[in-house]
Each structure stands twice: as structure tokens, then as C-alpha cells.
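# Architecture at a glance
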Amino acid sequence: MNNKRWYDQEPTISLAVSLIKNSKPDIQIECAKFIKDKAQDYGIILQSNLFGAFNYVMHRWYDSDEQLAEAFCYLKEADEETRKQIAISVIAFLEKAETL
């Protein structure tokens, strides 16, 4: 039985998510914006508006912020290769952000 989270299936994506989780809150928000922009550059469109449709119980660490939750929706919506490419960009983004 495989109980891994969707983002733990691929090591690069798992690393990117871990780096986001361990970043400062302001860096997390900047990263969320970066992910959304990258995903849109790849043509990813969210199929539904999860935030306006209903109130949901927050169970995941990234649900505490709407921008982070939306960024993860974009990531989850992407195909595996695109998700990996975005993760590589996120790692580089966070590496640069942490050195400023």
C-alpha cells in the first residue's frame, strides 16, 4: 500500500515542496506567486475555483494561506513533466531568495 502524498512521488517535486515548507512565510508567499506564474506560462488553468465555491477544512500545511493553497492546486493540475520543470525552477528561485 502506497500512502505517499502526490508531491512525494517524485524526488525533485518532494524537495521543492520541502524547501517551500521550511522557508520563511514571506518567501513562501513569493514562491506561491512564482509557481502560479510559471504554471500559467505552461498553460495550466485551474478547472474550478476552490476558494470561492465552498469553505473547506484545512488539513494540509499549505492550506493555511490561500495563495499557497492555490499554488499547490496549480502544481497538482500539471502533468508530471511540467510539475518537475516547475519544481526545478522553484528550487532555483528559493536558492536565490534565501541568499538575498
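Right, let's walk through the structure included here. Computed from a predicted model, the values in this text were never measured in an experiment.

## A look at the overall build of the protein chain
For the protein chain, the count of helices and strands is five helices and zero strands. Along its sequence from the N terminus, the protein chain presents helices and strands in the succession α-α-α-α-α. Taking all 100 residues of the protein chain together, 38% fall into the buried category. The long-range share in the protein chain, meaning contacts at least 24 apart out of those at least 6 apart in sequence, stands at 75%. For the protein chain, the accessible area works out to roughly 6500 Å², and carbon and sulfur atoms hold 51% of it.

## Describing the environment of Asp8
Assignment of secondary structure puts Asp8 in the segment before α1 (11–21). Under the relative-accessibility criterion, Asp8 is labelled buried at 17%. On a C-alpha basis, the gap between Asp8 and Ser18 in space is 9.6 Å, while along the polypeptide they are ten residues apart.

## Some points on the nonpolar core
By size, the foremost hydrophobic cluster in this structure holds 25 residues, and its most contacted members are Tyr7, Ile20, Ile35, Phe72, Ile86 and Val90. Looking at this core, the elements that each hand over two or more residues are α1, α2 (25–41), α4 (66–77) and α5 (80–99). When near neighbours in sequence (up to four residues on either side) are disregarded, Ile20 contacts Gln28, Cys31, Ile35, Trp61, Leu68, Phe72, Val90 and Leu94.

## Here's the deal with the packing of α2 against α5
Between α2 and α5, the least distance of the axes is 10 Å, while the angle of their chain directions is 145 degrees. You can see that α2 and α5 cross each other, and the crossing is right-handed. Facing α2, whose interface residues are Ile27, Glu30, Cys31, Phe34, Ile35, Lys38 and Ala39, α5 presents Ile86, Ser89, Val90, Phe93, Leu94, Ala97 and Glu98. Of the residues contributing to the contact of α2 with α5, the split by class is ten nonpolar, one polar and three charged.

## Thoughts on the packing of α1 against α5
If you want to describe how two helices pack, look at the angle between their axes and the distance between the axes. At a minimum axis distance of 8 Å, the contact between α1 and α5 shows a crossing angle of 40 degrees. Classified by the angle between their axes, α1 and α5 sit oblique to one another. Crossing hand, α1 versus α5: left-handed. Counted together, Thr12, Ile13, Leu15, Ala16, Leu19 and Ile20 of α1 and Arg83, Lys84, Ala87, Ile88, Val90, Ile91 and Leu94 of α5 form the full contact between these two elements. Taken together, the residues that form the contact of α1 with α5 break down as ten nonpolar, one polar and two charged.

Calculation criteria
- Residues numbered from 1 in each chain as written.
- Predicted model: local features only at pLDDT ≥ 70, side-chain atom pairs only at ≥ 80, totals over all residues.
- Heavy atoms only, no water.
- Helix = DSSP H or I, 4+ residues; strand = E, 2+ residues; numbered from the N terminus.
- Buried < 20%, exposed > 50% of the residue type's maximum accessible area, 1.4 Å probe, protein only.
- Contact = heavy atoms within 4.5 Å.
- Areas by Shrake-Rupley, 256 points an atom, 1.4 Å probe, with all protein chains shown as cover.
- Core = buried A, V, L, I, M, F, W, Y, C linked by side-chain atoms within 4.5 Å.
- Axes fitted to C-alpha atoms, helices over the stretch in contact; angles between N-to-C directions.
- Left-handed = near helix turned anticlockwise from the far one by under 90°.
- Nonpolar A, V, L, I, M, F, W, Y, C, P; charged D, E, K, R; others polar.
- Parallel < 35°, antiparallel > 145°, perpendicular 65-115°, else oblique.

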